Amino acid sequence: MSEAEKNIELSIVIPVYNEEDNLPELLQRTLTAVKKLNTTSEIILVDDGSRDASQVMICEAAEKNPGQVVAVVLSSNFGQHAAVTAGLEVSSGKYIVTMDADLQNPPEEIHKILAKLREGFDVVGSIRENRQDTFFRKFASKCVNRMVRKLCNGRTMQDYGCMLRGYSRPVINAILRCHEHGKFIPMLAMSFARNVCEVEVKHAERTAGVSKYNLWKLIALQYDLLTGTSIFPLRMLTVCGFLVAAFGVIFGIVIFIMSQIDKHWGADGVFALFSIQFVLTGGVLAALGLLGEYIGKIHINTRARPQYFIEYVQGKKHNNAGENK
Ligand code: UDP
Ligand code: MG
């Protein structure tokens, strides 16, 4: 890392996928907003395999604004969070702010995030003031928010969907050490942060281009989130199995008692078959769940997420701590 790069206070990471209509205004407004911040900064634009002129425009911007704009070009479309991760890897700022390229997050709001980061917060989320999205989009992100909140062990944030967010360097370093696929950065950040807060930011309608998330992509994101972060569904399978088996046993007892009272109760043994069927199905489900637990363990181990992350060490020089400062 060069001396100049070491002194950068703020890196702004923006993923770009087919945003040629938004890029000129985005660049102009972000550069102006950053100038007003009176700090050392870099704007990192990550082209996520765009098929329009975005890539050329990003590279031109980097050429025109050396030291201020950095172009990162990915070889194909890897998805928003992968693109952000690539930008984070290139970033060198003490604080990192991520935002979307479609100007739904006004760059003029960055100062609010930076102020909170300077106060010492590790993760600064943002709440969208009168959110400008379609009903469907709002409903979908409500579902995502609820699930993320559940998965974050009670560590709550009101709004996970807004990508105008800030992170401190230690948190970003921790995220970069997680090599799993399908990362959801706002959530991953929560698991490494000590102090988190949220600020209200303005939210605008998308003025040009279309949303890159259709219904299918949103469902895929939810599914990814659930299976990528938790083995809860597998555990539920075991619980379901035991419940079904228990129901079968209780049903069997009821049939036995009733058949003692009335010989023909239970359709001459047909009901007993049902009860046996319940017990067997429950057993199979429980066994599947148990098998799933082992697969879940393999899943957790293969994603090789660090079990802990040292923020700093006092009294002895430590590599990681040095890198974080
Ligand atoms: N994006 C990306 N790769 C993708 C999809 C989206 O880099 O595969 C970028 C996109 O250019 C935008 C941001 O991610 O900067 C958010 O996308 P979008 O505005 O379409 O999502 P929405 O606001 O509808 O959630
Ligand atoms: Mg958007």
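It should be emphasised that the depicted structure is a prediction, and the values quoted were computed from it without experimental measurement.

Draft legend 1. Examining helix α11 (residues 270-302) more closely. Between its first and last C-alpha, α11 extends 48 Å over 33 residues, near the 48 Å set by a 1.5 Å rise per residue. Within the sequence span of α11, burial applies to Ser275, Gly282, Ala286, Gly289, Gly292, Glu293 and Gly296. At the C-terminal side of α11, Ala304 shows a positive phi close to 50 degrees.

Draft legend 2. A look at the environment of Tyr160. Residue position: Tyr160 is located in the loop between α6 (135-151) and β6 (165-168). Note on Tyr160: relative accessible area 0%, which makes it buried. The spatial distance from the C-alpha of Tyr160 to the C-alpha of Phe184 is 9.9 Å, given a sequence separation of 24 residues.

Draft legend 3. Representation of the side chain of Lys183 in the model. Looking at the element boundaries, Lys183 is found in the loop between α7 (169-176) and α8 (185-192). Of the side chains with opposite charge, Glu180 lies nearest to the buried Lys183, which makes no salt bridge, at 6.2 Å. Looking at Lys183, its side chain comes within polar contact range of the main-chain oxygen of Cys178, at 2.4 Å. If sequence neighbours within four positions are ignored, Lys183 has contacts with His81, Thr85, Ile175, Cys178 and Leu188.

Draft legend 4. Geometry of the coordination of the magnesium ion (ligand 2). Protein ligation of the magnesium ion (ligand 2) involves Asp102 (OD) and Gln104 (OE1), the donor distances falling in the range 1.8 to 2.1 Å. The two residues Asp102 and Gln104 agree in class, both being buried.

Draft legend 5. Main features of the packing of α7 against α8. Running from amino to carboxyl end, α7 crosses α8 at an angle of 115 degrees, the nearest separation of the two axes being 9 Å. In terms of orientation, α7 and α8 fall into the roughly perpendicular class. In the crossing of α7 with α8, the sense of the turn from one axis to the other is right-handed. Touching Val171, Ala174 and Ile175 of α7 are Ile185, Leu188, Ala189 and Phe192, all from α8. Class assignment of the residues belonging to the contact of α7 with α8 gives a composition of 7 nonpolar, no polar and no charged.

Reading the values: the criteria
- One numbering rule holds for all chains: residues counted from 1, following each sequence as written.
- Numbering of ligands from 1 and lettering of chains from A proceed in the order in which they are written.
- Note on the predicted model: pLDDT of at least 70 is required for a residue's local features to be given, and 80 or more for side-chain atom pairs to be given and counted; whole-chain, interface and lining totals, by contrast, use all residues.
- The basis for every side-chain value is the complete set of non-hydrogen atoms in the structure, without hydrogens or water.
- Only DSSP runs of H or I covering at least 4 residues are called helices, and only runs of E covering at least 2 are called strands; the numbering of each starts at the N terminus.
- The span one expects for a helix is its residue count, reduced by one, times 1.5 Å.
- Burial status follows relative accessibility: with a 1.4 Å probe on protein chains alone, a residue under 20% of its type maximum counts as buried, one over 50% as exposed, and anything between as partly exposed.
- In summary, the charge assignment counts Lys and Arg as positive and Asp and Glu as negative, without counting His or the chain termini.
- Throughout this description, the term salt bridge denotes a Lys or Arg side-chain nitrogen within 4 Å of a carboxyl oxygen of Asp or Glu.
- We call two N or O atoms a polar contact when they sit within 3.5 Å, provided that within protein one can donate a hydrogen and the other can accept it, with sequence-adjacent residues counted only if both atoms are side-chain atoms.
- Should any heavy atoms of two residues lie within 4.5 Å, those residues are considered in contact.
- In this description, a donor is an N, O or S atom within 2.8 Å of the metal centre, a cutoff extended to 3.2 Å for sodium, potassium and calcium. Water is not part of the atom list, which can make sites seem incomplete.
- A fitted line through C-alpha atoms represents every axis, and for helices the fit uses only the stretch in contact; the resulting angles, taken between N-to-C directions, go from 0 to 180 degrees.
- Angular relationships are summarised with four words: roughly parallel below 35 degrees, roughly antiparallel beyond 145, roughly perpendicular across 65 to 115, and oblique for the angles in between.
- Each crossing is labelled by how the near helix is turned from the far one, with a counterclockwise turn of less than a right angle marking it left-handed and a clockwise turn marking it right-handed.
- Residues are grouped as follows: nonpolar covers Ala, Val, Leu, Ile, Met, Phe, Trp, Tyr, Cys and Pro; charged covers Asp, Glu, Lys and Arg; every other residue, Gly included, is treated as polar.

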